[in-house]
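# Examination of the molecular architecture
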Amino acid sequence: QVQLVESGGGLVQAGDSLTLLCAASGRTFSTYTMGWFRQAPGKEREFVAAISWNVGSTSYADSVKDRFFISRENAKKTVTLQMNSLKPEDTAVYYCAAKLSVLKLYNYWGQGTQVTVSS
């Protein structure tokens, strides 16, 4: 069982940076693939970034590649999403998610944190 709590959202201006933090509980955190997703008003939730359990690989949506960076510290049970050069279209509720590496779908989700980027 994994519980996830996101923090760090807020209101920023276009071009600013923001760092989101996901704090996890559970003894097996280090075995989970961790991801960030987002959902804008009126749109479906979409994938943003993911990082493997052993920090061996990362993946990003094309829309955030080279602007967002995902990292994790297994000892602290945290996952970070560093967001740079933010755009108004990045405005959304951002969710942290976890899944066992062998699974296709994420089965643990946080409550989300709002990120608003003004132009």
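For the structure, see preceding data.
Residues numbered from 1 in each chain as written. Predicted model: local features only at pLDDT ≥ 70, side-chain atom pairs only at ≥ 80, totals over all residues. Heavy atoms only, no water.

The subject of this paragraph is the pairing of strand β4 (residues 32–39). Counting buried positions along β4 gives seven out of eight residues, so the element sits mostly inside the fold. Bridge count between β4 and strand β5 (residues 46–51): five bridges; the pairing is antiparallel. Bridged to W36 within β5 is A49. Between β4 and β5, which pair antiparallel one after the other, the connecting turn spans six residues, and G42 there sits at a positive phi close to 75°. (Buried < 20%, exposed > 50% of the residue type's maximum accessible area, 1.4 Å probe, protein only. Helix = DSSP H or I, 4+ residues; strand = E, 2+ residues; numbered from the N terminus. Pairing = 2+ DSSP bridges.)

Summarising the element assignment, R38 is placed in strand β4. What makes R38 buried here is its relative accessible area of 5%. A distance of 2.6 Å separates the side chain of R38 from the side chain of E46, its partner in a polar contact. Looking at R38, its side chain comes within polar contact range of the side chain of Y94, at 2.9 Å. (Polar contact = N/O pair within 3.5 Å; in protein donor to acceptor, adjacent residues only side chain to side chain.)

Quick look at the pattern of salt bridges now. In the structure shown here, the tally under the stated rule is five salt bridges. Salt-bridge contacts for R67 lead to D90; the nearest nitrogen and oxygen are separated by 2.8 Å. With a gap of 23 residues between them, R67 in the loop between β6 (58–60) and β7 (68–73) and D90 in the loop between β8 (78–83) and β9 (92–100) connect regions that are remote in the sequence. Overall, D90 belongs to the buried group, its relative accessible area being 1%. Put simply, K76 and E73 hold a salt bridge, and the shortest N to O gap is 3.9 Å. When its relative accessible area of 57% is taken as the criterion, K76 is described as exposed. On the accessibility criterion, E73 (43% relative accessible area) is partly exposed. Here the salt bridges share partners, and the residues they tie into one network are R38, E46, R67 and D90. (Salt bridge = Lys/Arg side-chain N within 4 Å of Asp/Glu carboxyl O.)

So, about the sheet that holds strand β3 (residues 18–25). Strand pairing in a sheet is mediated by backbone hydrogen bonds. Such pairs are either parallel or antiparallel. Read from one edge to the other, the open sheet built from four strands follows the order β1-β3-β8-β7, with strand pairing classed as antiparallel. Two strands in the sheet have a free side with no partner beyond their single neighbour: β1 (3–7) and β7. In this sheet, adjacent strand axes meet at a mean angle of 15° when their direction is disregarded. Inspection of the sheet shows β7 paired to β8 by six bridges, in the antiparallel sense. (Axes fitted to C-alpha atoms, helices over the stretch in contact; angles between N-to-C directions.)

A few words on the environment of V55. By the secondary structure assignment, V55 is in the loop between β5 and β6. Linking V55 and S71, residues 16 residues apart in sequence, is a C-alpha distance of 7.6 Å.

This part takes up the pairing of β8. Where β3 meets β8, six bridges bridge the pair, whose relative direction is antiparallel. In the strand pairing of β8, A23 is matched with T78. Hairpin geometry of β7 and β8 is characterised by an intervening segment of four residues between the two adjacent antiparallel strands and by a positive phi of about 60° at K77.

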